[in-house]
Amino acid sequence: IGWIGTTLVIIAYYPQIHHLWAEKCAWGISVWTWVIWLIASILLLTYCIVKGEVLLSVVQVSNMASIVITIALVRRSNTVCAYHSSVGASRTKT
């Protein structure tokens, strides 16, 4: 069950990373939130290592790698995709 959960954690990052990579669109993403998640993952990984938790260590390493990739892709983003442009435009009309 734990490994299935770990696999789902890894898969869950795919849509965000794919959108950032393909569209170069980081509309609405808070880098500070991702930095806080990275710090939390580092602390949790430290705890897992101290406790000898292999499975949870794998989850945290995966989280940290995905978070670093997300932050890097957000920083290189330079466009707003068509979908988010239309969402943003519809929000300003109200």
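For clarity, every value in this text was computed on a predicted model and none was experimentally measured.

(A) Structural context of the nonpolar core. Counting 13 residues, the largest nonpolar core has Tyr-13, Leu-20, Ala-26, Ile-29, Trp-34, Ile-67 and Val-74 as the members making the most contacts within it. When residues of this core are traced back to their parent elements, those giving at least two are α2 (14-23), α3 (31-51) and α4 (54-76). For this core, the leading source of residues is α4, giving 5 residues.

(B) Main features of a nonpolar patch on the surface. Taken together, the side chains of Trp-3, Val-54 and Val-58 present a nonpolar region at the surface, about 300 Å² in accessible area. A residue is classified by how much of its surface remains accessible, and Trp-3, at 52% relative accessible area, is exposed.

(C) Spatial organisation of the packing of α2 against α4. The contact between α2 and α4 brings their axes to 9 Å, and the two run at 25°. By the angle between their directions, the pair α2 and α4 is classed as roughly parallel. In this structure, the crossing between α2 and α4 has a hand that is left-handed. Residues Gln-16, Ile-17, Leu-20 and Trp-21 of α2 pack against Ser-66, Ile-69, Thr-70, Leu-73, Val-74 and Arg-76 of α4. Its residues assigned to classes, the contact of α2 with α4 comprises 6 nonpolar, 3 polar and 1 charged.

(D) Broad picture of the side chain of Ser-66. You can see Ser-66 is positioned in helix α4. Here Ser-66 falls in the buried class, since its relative accessible area comes to 10%. With residues near it in sequence (within four places) discarded, Ser-66 still touches Tyr-13 and Ile-17.

(E) Here's a closer look at the environment of Asn-63. As for its placement among the helices and strands, Asn-63 is situated in helix α4. When the C-alpha atoms of Asn-63 and Leu-45 are compared, they prove to be 9.8 Å apart, with 18 residues separating the residues in sequence.

(F) Just unusual backbone geometry, in detail. With a phi angle near 55°, Lys-24 is a residue other than glycine that sits in the positive phi range. According to the relative accessible area criterion, Lys-24 is partly exposed, its value standing at 32%.

(G) Expanded view of the confidence of the model for the protein. Averaged over every residue, the pLDDT of the protein is 91; the share at 70 or more is 93%. Within the protein, the element-level pLDDT minimum falls on helix α5 (residues 82-92), averaging 72, and the maximum on α3, averaging 97.

What counts, and at which threshold
Residues numbered from 1 in each chain as written. Predicted model: local features only at pLDDT ≥ 70, side-chain atom pairs only at ≥ 80, totals over all residues. Heavy atoms only, no water. Core = buried A, V, L, I, M, F, W, Y, C linked by side-chain atoms within 4.5 Å. Buried < 20%, exposed > 50% of the residue type's maximum accessible area, 1.4 Å probe, protein only. Helix = DSSP H or I, 4+ residues; strand = E, 2+ residues; numbered from the N terminus. Patch = residues over 30% accessible without salt bridge, like charges linked within 9 Å, V, L, I, M, F, W, Y side chains within 5 Å. Areas by Shrake-Rupley, 256 points an atom, 1.4 Å probe, with all protein chains shown as cover. Salt bridge = Lys/Arg side-chain N within 4 Å of Asp/Glu carboxyl O. Axes fitted to C-alpha atoms, helices over the stretch in contact; angles between N-to-C directions. Parallel < 35°, antiparallel > 145°, perpendicular 65-115°, else oblique. Left-handed = near helix turned anticlockwise from the far one by under 90°. Contact = heavy atoms within 4.5 Å. Nonpolar A, V, L, I, M, F, W, Y, C, P; charged D, E, K, R; others polar. pLDDT = per-residue confidence, 0-100.

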